[in-house]
Amino acid sequence: MENDSLLDASCRVALAAMLHDLGKFAERADLPLPDREGNEATYCPSFNGRISHRHAAWTARSIDEIEQFLPSIRQGATQPFSSQGDARKDDSLINGAAMHHKPETPLQRIIAVADRLASGFERDTFERYNQAQEGVVEKGRTLHARQIRMWPLLERLRLSEKDRKVTPVVPEHRLPLLPMAPQTLFPAKLPEESDAQARQAYAQLWNQFRDGLQRISHRDHWPLWLDHFDSWWLSCTHAIPSATVTFRDRHFQSIPPDVSLYDHCKATAALGVALWRHHVACGTLDSSFSGSGWQEPGNEAEFFLIQGDFLGIQNFLFSGMTAQRAARLLRGKSFSVSLMCELAALAVLEAFELPCTSQVLNAAGKFQIVAPNLPDAEERLQRVRQCMDEWFLQHTFGQLGIVLAGSRAGREEFSQGQFSRLMARLKQDLEQQKRQQFSLCERTEAVLWSEISYDTGACSACERAPAVVVEEDRCLCRVCHDQQHMGQMLIKQGERLVVSREVVNADTLQLDYFGYRVTLIREADLPNRGRQAWVRLWDLSPPGPAGNQPDWHGVAQRRINTYVPLQGEQVVEFEQLAALAVSDDAGQAKGVAALGVLKGDVDNLGRFFAELPEPTFARMATLSRQLHAFFALWLPWYCAHHFPQTYTVFAGGDDFFLIGPWNRQIDLAGEMSRALRRYAGGNPELHFSAGLTMTKPGVPVTTLSDMAEEALYQAKQRNGKDAITCWDRTVSWSRFDQLQERSRSLQDLLVELLEQYKLPISTAYLYGLLHLCEKAEQSETCPREAIWHAWFVYRTWRMVVDRLHREADKKAVSQRLAQEIGSQIREYKNDYKIALFTCLYQRRHYRKKDEV
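Caption draft 1: Geometry of the overall build of the protein chain. Scanning the protein chain for helices and strands turns up 28 helices and 24 strands. Per-residue burial over the protein chain gives 60% buried out of 852 residues. Element-wise, carbon and sulfur atoms account for 47% of the exposed surface of the protein chain, whose accessible area totals about 34,200 Å².

And the structure:
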């Protein structure tokens, strides 16, 4: 096989594996199946006269229907499939995909093995699975596969052994059968569906899938087309349960339908391509997959699992940045980090001539690729590692870096019984590689190049690299110039991003990134010339305002263009955001112009991955993807349409960093906590902790980050985590919600006293309550501090009640204040400061130079 066609051939194998369970989709949509008996006899196994896994026949039928929308697989280069006139008729796309339960050729057996490994089956378990009937018993009735809705995996996660024992076998919530969009990600308590209703829902989704498939272009460019297809396949199948069978086994009684068809098929594609490429390279394809097709390879390591981890992200984002024009610079910096992570994974894929489907994880600066264990696998990875090390040393002085770790693995390690140990070994290998970053102990040459010159001074943005580009009144290094250019282009023409091997137009970034040239461009301006040099084409456009449609444009989607507030074609600067915290009260400006900096991440995520129920490759991918979707898809959309003053520094994987008007950030924090609980089906063990700080807009971005990080650290110290630190007080999310309600009640009371009794409450009185909160807290261990209540009564009469004239009014007001404030201090003690500070800063008369 020619080397220049190896990538295309790998794409064809990946497509066959991706579509191997397409029949589940088509069967549930009840597509017509001509010659049903003949198709079932060809593609479906039978046991004791009973046909099993009928979806395989529908796989053949449905591929035949959509083949007109796929790249050509009958003419030209068709490896590993047969071409017209070829004697190898069995090696076709349809047979390669549909024969996975009844394999006969090496390619079919490879996809069958990959299917088994993706599900974590051992060989004997898979044979029993092959004999199982589809359908699950729920609430005393047997449901057809089309009536079963996908379980939310996040609802099933538990940490302690005790909690696992009480985990419901059937979660209360289900994912709606809708294409992926911000609003359709959330599980719900769905009503029971009849078979006819379920058939109609699947048929509607199938028609959407078929229509969207027609919109995909680049059918003459396999890697580009497959990347586009992968995005659309995800959108349509993210909520379709992959497994809907029940059978008894020593590990489980039924397969929980909590893994999506997308994640299972992609894991199958990644494993299948790696298996095929390994045996093609070793010349063992026929000998290893002949006969029965289930010969075990012993201890042979057929896979080379590659992990990537982006180090130094936060230091790179925030260091060297002053408050001036920080929002504009941070926009480009944040995007460039996400972009470089994508390009790093792409460089690894290309080094091994692998399709996009071999990248099974990509979130929060980390990625994982399933590569074949080739004879020169280590050398290939080392070349990529060296290329990236040199790039980061030259352009960032080692401030940023990507660590790459490669680990060999055999088939048996993907079984449920051993998968957790495999993941632990991979984690250990990555940690070891982190300690060898840049291979400094092996270098004999200088790390910094002697030709670096500061003749034009240092870059005015990062204050480290030599300035080489003069723009307006600033001298910038190439990296900062590209980041500033990216920030501008994202606003003006950030619909599409072209990754190419050559310059596309005048807006192509100055630097090449690991050998790639990057261009942000409008859809209408995409050139027709030079497309063969394109490596990727990505759609960066955000979801629509409704949030319930996939907004498919026929191009692979990447959720790396986070939301930031705009004013025309300019990013709103932090000083302007802070000013939005000031409100207009009858012509009087009130409130403090300050920023709220919100930072957080999911608690105990490492343990959730380590203790995943029924751990499999596909289930791990489902967990990672679903969490990433919450922060990378739903959160930016929600901010754009409900909290449009919020600046998203980063959001994805399991963490986020947001900046906005301080009072709106307080509201957003609570909304996010409640949304994640809803997203996890009310699972009490899945939550995040956050730090929320309030600062003046002129504070350097580095300081903002440090303050938020310290607040987050304090929140994580709470027993059980699940907390927020705000104004130096760490409280649970439920308590935080109560305190926000108390703050609103207090503000309503102050308005009521003013309107009904013409009695304004002084700021001095409210500030004095802060001291009483401290006394109330201390009274827990020091009885003499219980005098706080007497001080409260005294100050209330002296500073508020005595200003009234009628005894009835005095009695009524004192009772209201005792009930609304005194009882709250008694209940919440020092935590009541959160309610008090919220109220105080919102009612303070605004002054331009107001101090926080």
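Caption draft 2: The arrangement of the pairing of strand 13 (residues 534–539) in detail. Within strand 13, six of the six residues are buried, which leaves it mostly tucked inside the rest of the structure. Sheet topology note: the strand 11 (residues 496–500)/strand 13 ladder contains five bridges and is antiparallel. Residue pairing in the sheet places S500 in a bridge with W534 of strand 13. Relative to strand 14 (residues 556–557), strand 13 runs parallel, the two being bridged by two bridges. Residue D539 lies in a different strand from strand 14, and its bridge partner there is Q557.

Caption draft 3: Local environment of the pairing of strand 8 (residues 401–410). Of all 10 residues in strand 8, eight are buried; the element is thus mostly enclosed. Pairing geometry for strand 5 (residues 301–311) and strand 8, over 10 bridges, is antiparallel. Bridging across to strand 8, I306 finds its partner in G406.

Caption draft 4: Up close: the packing of aromatic side chains. What the rule picks out here adds up to 39 aromatic pairs. Each ring, one from F229 and one from W233, has its centre 5.8 Å from the other, and the planes form 15°; the classification is stacked. On the criterion of helical spacing, the pair formed by F229 and W233 is a turn pair, its members being four residues apart in helix 11 (residues 222–237). Taking relative accessible area as the criterion, F229 reaches 0% and is therefore assigned buried.

Caption draft 5: Main features of unusual backbone geometry. Here the residue pair Q79 and P80 is connected by a cis peptide bond, since its omega of 5° sits within 30 degrees of zero. Mapped onto the secondary structure, P80 falls in the loop between helix 4 (55–66) and helix 5 (93–98). Within the chain, A364 stands out as a residue other than glycine whose phi angle is a positive 55°. Its identity as a non-glycine residue notwithstanding, W727 has a phi of 50°, on the positive side.

Caption draft 6: Focus on the sheet that holds strand 22 (residues 688–695). Strand order in this open sheet of six strands is 20-21-19-22-23-24, and the pairing throughout is mixed. Lying at the two open borders of the sheet, with one neighbouring strand each, are strand 20 (647–652) and strand 24 (729–732). The mean angle between the axes of side-by-side strands here comes to 15°, regardless of whether they run parallel or antiparallel. Pairing analysis gives seven bridges linking strand 19 (residues 595–602) to strand 21 (residues 655–661), with the strands arranged antiparallel.

Caption draft 7: Seen up close, the packing of helix 22 (residues 662–679) against helix 28 (residues 833–843). It is the contact of helix 22 with helix 28, at a shortest axis distance of 10 Å, that shows an interaxial angle of 145°. In this structure, the crossing between helix 22 and helix 28 has a hand that is left-handed. On helix 28, the residues that touch W662, N663 and I666 of helix 22 are T838, Y841 and Q842. Among the residues forming the contact of helix 22 with helix 28, the class breakdown is three nonpolar, three polar and no charged.

Caption draft 8: Representation of helix 1 (residues 6–18). Here helix 1 spans 18 Å end to end across 13 residues, near enough to the 18 Å set by a 1.5 Å rise per residue. Counted residue by residue, helix 1 has 12 buried out of 13 residues, so it is predominantly covered. If you check which residues of helix 1 are buried, you get L6, L7, A9, S10, C11, R12, V13, A14, L15, A16, A17 and M18. On its buried face, helix 1 is in contact with helix 5, helix 6 (106–118), helix 11 and helix 12 (261–282).

Caption draft 9: View of the packing of helix 26 (residues 788–799) against helix 27 (residues 807–828). Direction vectors running N to C along helix 26 and helix 27 enclose 145°, while the axes themselves pass 11 Å from each other. When the axes of helix 26 and helix 27 are compared, the crossing they make is right-handed. Here W788, H789, F792, T796 and W797 of helix 26 come into contact with helix 27, specifically with K810, S814, L817, A818, I821, G822, I825 and R826. Each residue belonging to the contact of helix 26 with helix 27 can be placed in one class, and the counts come to seven nonpolar, four polar and two charged.

Caption draft 10: Expanded view of the environment of C44. By the secondary structure assignment, C44 is in the loop between helix 3 (36–43) and strand 1 (46–47). The exposure class of C44 is buried, given its relative accessible area of 2%. Separated by 11 residues in the primary sequence, C44 and H55 have C-alpha atoms spaced 8.0 Å apart. In this view, C44 contacts N39, I51, S52, H53, R54, A56, A57 and K102; residues no more than four positions away in its chain are not counted.

Cut-off values and rules
Residues numbered from 1 in each chain as written. Predicted model: local features only at pLDDT ≥ 70, side-chain atom pairs only at ≥ 80, totals over all residues. Heavy atoms only, no water. Helix = DSSP H or I, 4+ residues; strand = E, 2+ residues; numbered from the N terminus. Buried < 20%, exposed > 50% of the residue type's maximum accessible area, 1.4 Å probe, protein only. Areas by Shrake-Rupley, 256 points an atom, 1.4 Å probe, with all protein chains shown as cover. Pairing = 2+ DSSP bridges. Phe/Tyr/Trp six-rings, centres within 6.5 Å; stacked < 30°, edge-to-face > 60°. Axes fitted to C-alpha atoms, helices over the stretch in contact; angles between N-to-C directions. Left-handed = near helix turned anticlockwise from the far one by under 90°. Contact = heavy atoms within 4.5 Å. Nonpolar A, V, L, I, M, F, W, Y, C, P; charged D, E, K, R; others polar. Expected span 1.5 Å × (residues − 1).

Any link to function would need more than the numbers given here.
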